[in-house]
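Listed below are the residues making up each chain.
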Amino acid sequence: MAYRFNRLRDISNRLQDVVKMQSRLAATATEDGMKSNRSLWFALGTLAAGGLATGYLLQPNVKAADLELHPPHFPWVHKGPFSSLDHAAIRRGYEVYRQVCAACHSMDQLAYRHLVNVAYTEDEMKAIAADAQIEDGPDDDGNMFSRPGKLSDHFPKPYPNEQAARAANAGAYPPDLSLITSARHGGEDYVFSILTGYEDPPGGCTEKEDLYFNPYFPGQYIAMAPALYNDVMEYSDGTPATISQMAKDVCTFLKWAAEPEHDDRKRMGMKALTLLGMLTFASYYYKRHKWSVLKSRKIVYRPSPHS
Amino acid sequence: MNLGRTIYNALFRRTSTFVVTIVVGGFIFERVFDEGMDNVWENMNRGKLWNHIKHRYAEDADEADE
Amino acid sequence: MPLRKENPLLSPVNGLLVDLPSPSNISYLWNFGSLLGLCLAMQIVTGCFLSMHYCAEVGLAFASVGHIMRDVNYGFLLRYFHANGASLFFLCLYFHIGRSLYYGGYLKGPVWRVGIVIFLLTMATAFLGYVLPWGQMSFWGATVITNLLSAIPYVGTDVVQWVWGGFSVSGATLTRFFSLHFLFPFILAILVVVHLIFLHIEGSNSPVGSKTPVDDVVFHVYYTSKDWYGIVVTLMLLSIVVYLMPNLLGDPENFIQANSLVTPVHIQPEWYFLFAYAILRSIPNKFGGVVSMFLSILILFFFPLLHRSWLRGLPFRPFGRMAFWSFVVNFVLLTWIGSLVVEEPFIIIGQLVALYYFFYFLILIPLLGEVENNLLFKQRKKCDL
């Protein structure tokens, strides 16, 4: 055993010599081996950092290759790690969706019941659902029939199928909005920018038939006509219906629609992280406590005088 | 130190009282922690949650479905 | 004799978690083994519950995932933990393999080889699982990757159609991918047991690479407490992602239902496959690219043969250490390149880093081993360490 330790120490000494020799070669100016070793690492680190910086500088070039404008980051009230959605905005946003967007855009995955106790009371939602005519059936005679909507019904679709939607929209298909803020780079920032970003084509860009210029849209020409104008609708709570107000509200609604678990998730996250934080300290203390004997022992090597 | 000794003698020394302490303590901790964190959450997001705005829309049944 | 040693059911557990002799000096890098066990267990449990609500049918798969997210109690937690758990799985795998490369763990042949099989099977499982939500990236990822098999000479087209169960990625593909995605984790669990059995024949490696059990300690309390601490910290990191930014690592494209008529602009796999994807795209020839991609993993099998040094690990080998870190940087670069569009200057950078990937394994490892043998032991013919 002692022989092996001896050997190990031997080898490690020799290796240290190698390291020192090598670092002397690397930095001839200084005599101190450790110091020059450090400068070698410093040089390598600088090189790596430089490489990363170059990479970072190259990266934006890729994005600049696309022509569209990237949406700015808006200060959404739900942006913080533990910030909930603004439920009053969800309520107003649903009004915008129902009065403006729903004419062309479906929301397949959403049902009336989803909004109960999120932005509407059960009674209110029942009344809203009953306003819609839902096709049901077949009845006992085998016929389909229409009936007033119920809480369990999904939002009605504006078009029976994709072909009908395209036929009514000059060949363009209005996408389903159930997941739209998750399904686009930039999320609600992007949707907000699209809704408010319409403008006349700048110099060099031509008008195109049935298409509208929007710098935030990939390709810049979007088939959706500007949907929001000041006072295009009226809020039931009397909020002035400006373009940016409606866009903000409908984006909050769409964010909720794509992530209905948003508030619960963050609330649970707050609890989970607090608990795990406490547990981290406790388990680190426990680990240190159990290891203290091993960590504080001292191993002494005494070569045998007989070997 | 004296307090720790008293607690140890009263609760942790016997297995039976130890188990009861842990179970009851766990239950109490869960309730306090959960309610406490929910309160923190409501305070951080005051005015934004459904709980804070529903009185505007529900005339009578405030406590109906919490 | 205590019960834990004599009871036939408890004694293997005892050998695994209680009395197992373990080196006293292994660092936190040795935590990733137990973390991988945690990952596998977590994926199996969440996956089991997800499968109760998921529907493997092209018309319903996407909607059933929506149903899980919206209507199933805590379904969003199941799905987010499962999806981000896959990322954690690969993060731990890469640290685990990297640690093995650094400290020479691969010299324990059977453990290493079983480990590579586990790695390959985990990659297959992750790929199959990514197809199940039936989003755009699921569908097109499956199309691109399965199409690679068509590069095989003579039988390629037949093999691809056999895998698809038809003439494109379709309903038959989805159902078989679901079956296999359900099955593979259990094979993985068995392989993990084999991995551990082989490991415990020789015992854990250690940072100094010594084989002597002179300073072993019992597993229980030393490594149970240390592994537990690692698990809590990891769960904390995972929770930050799952609860606060669950879609950070996902692709927005996958929130759009699969549509065989619309090709996404950028088709790219999840981050953990990007290095292999970069190697695949760097080779101009399709078959060559496919072979290189598979070789980039399979080359790990030959690692014990490429090891020429008389020392086990890199802590005492300055040149080997530098080469290792250059390899790590190279791996990160490959991942970065894999996420970029195919255009200059990224094509040439990609080809260089892909070349360096193989250069490290095939040239640098044996060469530096020999060089350092000569530098360190030149007076001696052979060292029996």
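Residues numbered from 1 in each chain as written. Chains lettered and ligands numbered in written order. Predicted model: local features only at pLDDT ≥ 70, side-chain atom pairs only at ≥ 80, totals over all residues. Heavy atoms only, no water.

Another aspect to go through is the overall build of chain A. Scanning chain A from N- to C-terminus turns up 9 helices and 4 strands. Order of helices (α) and strands (β) in chain A, N terminus to C terminus: α-α-α-α-β-β-α-α-α-β-β-α-α. Counting the 307 residues in chain A, one finds 40% classified as buried. Residue pairs at least 24 apart in sequence account for 60% of intrachain contacts in chain A once pairs closer than 6 positions are excluded. Carbon and sulfur atoms make up 58% of the accessible area of chain A, which totals about 17,700 Å². (Helix = DSSP H or I, 4+ residues; strand = E, 2+ residues; numbered from the N terminus. Buried < 20%, exposed > 50% of the residue type's maximum accessible area, 1.4 Å probe, protein only. Contact = heavy atoms within 4.5 Å. Areas by Shrake-Rupley, 256 points an atom, 1.4 Å probe, with all protein chains shown as cover.)

A separate point is the packing of helix 7 (residues 187-196) of chain A against helix 8 (residues 243-258) of chain A. Residues and elements named next belong to chain A. It is the contact of helix 7 with helix 8, at a shortest axis distance of 9 Å, that shows an interaxial angle of 145°. The chirality of how helix 7 crosses helix 8 is right-handed. Note on element contacts: helix 8 touches helix 7 through I243, S244, A247, K248, V250, C251, L254 and K255, opposite E188, V191, F192, L195 and T196. The residue makeup of the contact of helix 7 with helix 8, split by class, is 8 nonpolar, 2 polar and 3 charged. (Axes fitted to C-alpha atoms, helices over the stretch in contact; angles between N-to-C directions. Left-handed = near helix turned anticlockwise from the far one by under 90°. Nonpolar A, V, L, I, M, F, W, Y, C, P; charged D, E, K, R; others polar.)

This next bit is on the arrangement of the chains. Ranking the 2 pairs of chains in contact by contact count places chains A and C at the top. Separated in space, chain B and chain C share no contact, their closest pair of C-alpha atoms being 14 Å apart.

Our focus in this paragraph is the packing of aromatic side chains. Using the criterion set out here, one finds 56 aromatic pairs over all chains in the structure. Where W30 of chain C meets Y103 of chain C, the ring centres are 5.0 Å apart and the plane angle is 40°; that geometry is what we call tilted. Taken as a pair, W30 of chain C in the loop between strand 1 (21-23) and helix 3 (32-53) and Y103 of chain C in helix 5 (residues 75-103) lie far apart in primary sequence, 73 residues in all. Like Y103 of chain C, W30 of chain C is buried. For the pair Y357 of chain C and F358 of chain C, a centre-to-centre distance of 5.4 Å together with 70° between the ring planes defines the contact as edge-to-face. Residue classification places Y357 of chain C among the buried residues on the basis of a relative accessible area of 4%. A cation over a ring is seen here: R91 of chain A above Y57 of chain B, with NZ or CZ 3.3 Å from the ring centre. Between K226 of chain C and the ring centre of W291 of chain A, over which it is positioned, the NZ or CZ distance is 5.2 Å. (Phe/Tyr/Trp six-rings, centres within 6.5 Å; stacked < 30°, edge-to-face > 60°. Lys NZ or Arg CZ within 6 Å of the ring centre and 35° of its normal.)

Now for the interface of chain A and chain C. Taken together, the contact between chain A and chain C spans 53 residues of the former and 55 residues of the latter. Together chain A and chain C conceal approximately 5,100 Å² of surface at their shared face, both sides included; 70% is due to carbon and sulfur atoms. Joining chain A to chain C, the criterion identifies 2 salt bridges. Taken together, the links from chain A to chain C amount to 10 residue pairs in polar contact (both at pLDDT 80 or more). (Buried area = accessible area lost by both parts, 1.4 Å probe. Salt bridge = Lys/Arg side-chain N within 4 Å of Asp/Glu carboxyl O. Polar contact = N/O pair within 3.5 Å; in protein donor to acceptor, adjacent residues only side chain to side chain.)

All chains considered together, the criterion is met by 5 cavities of 30 Å³ or more. Put simply, the largest cavity is a space of about 930 Å³. If you go around the largest cavity, you meet 41 residues; those closest to its centre are H82, A83, G129, Y130 and H181 of chain C. When contributions to the lining of the largest cavity are tallied by element, the ones reaching two or more residues are helix 3, helix 4 (61-70), helix 5, helix 6 (109-131) and helix 9 (171-202) of chain C. Here the lining of the largest cavity takes 9 residues from helix 5 of chain C, the largest share from any one element. Here the lining of the largest cavity is built from residues that sort into 25 nonpolar, 13 polar and 3 charged. Taken together, 16 residues line the second largest cavity, and the ones lying closest to its centre are L179 of chain A together with V65, M69, R79 and F255 of chain C. Every element with two or more residues in the lining of the second largest cavity is listed here: helix 4 and helix 5 of chain C. In terms of residue count, the dominant contributor to the lining of the second largest cavity is helix 4 of chain C (5 residues). By residue class, the composition of the lining of the second largest cavity is 8 nonpolar, 5 polar and 3 charged. (1 Å grid on protein atoms, 1.4 Å probe; cavity = no way out; pocket = protein on both sides within 12 Å on 5 of 7 lines; lining within 4 Å. Points joined across faces, edges and corners; volume = space filled by probe spheres on them.)

Glancing now at unusual backbone geometry. Among all residues except glycine, the phi angle is most often negative; among peptide bonds, the trans geometry is most common. Omega for the peptide link from G137 of chain A to P138 of chain A comes to 0°, which places this bond in the cis form. As for its position among the elements, P138 of chain A is in the loop between strand 1 (133-136) and strand 2 (145-148). In this model, E344 of chain C is joined to P345 of chain C through a cis peptide bond whose omega is 10°. Mapping P345 of chain C onto the fold places it in the loop between helix 14 (318-338) and helix 15 (346-377). Phi is positive for D231 of chain A, close to 60°, though the residue is something other than glycine. Among the structural elements, D231 of chain A can be located in the loop between strand 4 (221-222) and helix 8.

Residue and element names in this part refer to chain B. Put simply, helix 1 (residues 2-12) and helix 2 (residues 15-44) touch, their axes get as near as 7 Å, and they point 100° apart. Classed by the angle they form, the pair helix 1 and helix 2 counts as roughly perpendicular. For the pair helix 1 and helix 2, contact is made by A10, L11 and F12 and by T17, F18 and T21, respectively. Counted by class, the contact of helix 1 with helix 2 contains 4 nonpolar, 2 polar and no charged residues. (Parallel < 35°, antiparallel > 145°, perpendicular 65-115°, else oblique.)

Okay, the UniProt feature "domain: Cytochrome c" (unreviewed entry) in chain A next. UniProt feature "domain: Cytochrome c" (unreviewed entry): in the numbering of this structure it lies at residues 88-240 of chain A. With 28% helix and 8% strand, residues 88-240 of chain A has end C-alpha atoms that lie 14 Å from one another. (UniProt positions renumbered as here; feature names shortened; annotations may be inferred.)

Let's shift gears to the environment of L334 of chain C. Residue and element names in this part refer to chain C. Tracing the backbone through its elements, the reader meets L334 in helix 14. A C-alpha to C-alpha distance of 4.8 Å links L334 and F275, two positions 59 residues apart in sequence. Discounting chain neighbours no more than four positions away, the residues touching L334 are L274, F275, A278, I279, V353, A354 and Y357.

What follows covers the UniProt feature "transmembrane region" (unreviewed entry) in chain B. Residues annotated in UniProt with the feature "transmembrane region" (unreviewed entry) correspond here to residues 12-29 of chain B. The span residues 12-29 of chain B is 89% helix and 0% strand, and its two end C-alpha atoms sit 17 Å from each other.

All names here are of chain A. Counted under the stated rule, the structure contains 25 salt bridges over all chains. A salt bridge links R92 to D249; the nearest nitrogen and oxygen atoms lie 2.8 Å apart. Separated by 157 residues along the polypeptide, R92 in helix 3 (residues 87-99) and D249 in helix 8 bring together distant segments of the chain. According to the relative accessible area criterion, R92 is buried, its value standing at 11%.

Right, let's get into the interface of chain B and chain A. In this assembly, 18 residues from chain B lie in contact with 24 residues from chain A. Summing the contributions of chain B and of chain A, the shared interface buries around 1,800 Å²; its carbon and sulfur component is 66%. For the chain B face of the interface with chain A, the top three residues by lost area are W41, K48 and W50 of chain B, together amounting to 40%. Inspection of the region where chain B meets chain A yields 3 salt bridges. Salt-bridge contacts for D34 of chain B lead to K271 of chain A; the nearest nitrogen and oxygen are separated by 2.8 Å.

Here we come to the side chain of K266 of chain A. All names here are of chain A. You can see K266 is positioned in helix 9 (residues 262-295). The buried charged residue K266 lacks any salt bridge partner; its closest oppositely charged side chain belongs to D263, at an N-O distance of 6.7 Å. A distance of 3.2 Å separates a polar atom in the side chain of K266 from the backbone oxygen of S83. At 3.0 Å, the side chain of K266 and the side chain of H262 are in polar contact. (Lys, Arg positive; Asp, Glu negative; His and termini not counted.)

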